[in-house]
Amino acid sequence: MKAFLSLELQLKNELMTTVRLAVGGAASAAGLSYDDGEDCKVCVTESLLLLSRRGFKSAKLSFSEDNGLGVCVEGISKEGEEHTEGDEISVALLNALASGVVLERKGGSVNKITFRFVAEK
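Predicted model only: the values in this text are computed from it and were never measured.

I'd like a rundown of the packing of aromatic side chains, residues and numbers included.
For the structure on display, the rule yields 1 aromatic pair. Consider the rings of Phe115 and Phe117, whose centres lie 6.1 Å apart with planes at 85°: the pair is edge-to-face. Residue classification places Phe115 among the buried positions, given a relative accessible area of 3%.

Below, the structure written as C-alpha cells:
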C-alpha cells in the first residue's frame, strides 16, 4: 500500500499536538468514525512514546488507505538509553484500540509499530 501522508518528526513533546491534528485529518480522509479517529490518535501517540522510551530521537509516521487507515510508526535515529517503563500500558492500549498490531524488533528493541483501523461502511 502506498502512503497518502508521511511525516518525519523529532520526538519532542511540543510536536504532539501537531501530530494529533495530522492524525485526525488522515483518519477523516480515510473515512473513519470520530471515535475511531480519536482511538487512532491515542495509538499514534502511544507508539511515538514507546519509540521515544526506546532511545529514538526521531520517527517516520506513514498513513495508507485500504478500506480504512493503515498506520506505520518507525524509529529513525537512535541516541541514548532505553527505558521500558510504561511499555506494557502502551502495548495494551494499541492492542485494545487497533487491529493488526505488529511490533517489529531490531537488535531486541522495538523499532517499528504498524496497526490499522477499518472504515465504517
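Kindly report on the sheet that holds strand β1 (residues 3-10), identifying the contributing residues and their values.
On the basis of which strands lie adjacent, the open sheet formed by 5 strands has the order β1-β2-β3-β5-β4 and antiparallel pairing. Strands with a single pairing partner mark the edges of an open sheet, and in this sheet they are β1 and β4 (99-106). Strand-to-strand twist in this sheet, taken as the mean axis angle between neighbours without regard to direction, amounts to 15°. Across 7 bridges, the pairing between strand β3 (residues 68-75) and strand β5 (residues 109-118) is antiparallel. Among the inter-strand pairings, Val71 is bridged to a residue of β5, identified as Phe115. Those strands touched by helix α2 (residues 34-53) are β1, β2 (58-65), β3, β4 and β5, and its axis lies near 175° from that of β5.

If you had to explain the packing of helix α1 (residues 16-29) against α2 to someone new, which residues and values would you point to?
Direction vectors running N to C along α1 and α2 enclose 140°, while the axes themselves pass 9 Å from each other. When the axes of α1 and α2 are compared, the pair comes out oblique. At the point where α1 passes α2, the crossing takes the right-handed sense. Of the residues in α2, those in contact with Met16, Val19, Arg20, Val23, Gly24 and Ala27 of α1 are Gly37, Glu38, Cys40, Lys41, Val42, Val44, Thr45 and Leu48. Looking at side-chain class alone, the contact of α1 with α2 contains 8 nonpolar, 3 polar and 3 charged residues.

Hey, could you go over α1 for me, with residue numbers and the actual values?
Along its 14 residues, α1 runs 20 Å from first to last C-alpha, staying within 8% of the 20 Å computed at 1.5 Å per residue. Of the residues making up α1, those classed as buried are Met16, Val19, Val23, Ala26 and Ala27. Here the buried residues of α1 occupy an arc of 100° about the axis, which is enough to place them on one side. For α1, the exposed residues set more than 90 degrees away from the buried face come down to Thr17, Thr18, Leu21 and Ser28.

Analysis parameters
Residues numbered from 1 in each chain as written. Predicted model: local features only at pLDDT ≥ 70, side-chain atom pairs only at ≥ 80, totals over all residues. Heavy atoms only, no water. Phe/Tyr/Trp six-rings, centres within 6.5 Å; stacked < 30°, edge-to-face > 60°. Buried < 20%, exposed > 50% of the residue type's maximum accessible area, 1.4 Å probe, protein only. Pairing = 2+ DSSP bridges. Helix = DSSP H or I, 4+ residues; strand = E, 2+ residues; numbered from the N terminus. Axes fitted to C-alpha atoms, helices over the stretch in contact; angles between N-to-C directions. Contact = heavy atoms within 4.5 Å. Parallel < 35°, antiparallel > 145°, perpendicular 65-115°, else oblique. Left-handed = near helix turned anticlockwise from the far one by under 90°. Nonpolar A, V, L, I, M, F, W, Y, C, P; charged D, E, K, R; others polar. Expected span 1.5 Å × (residues − 1). Arc of directions from axis to C-beta.

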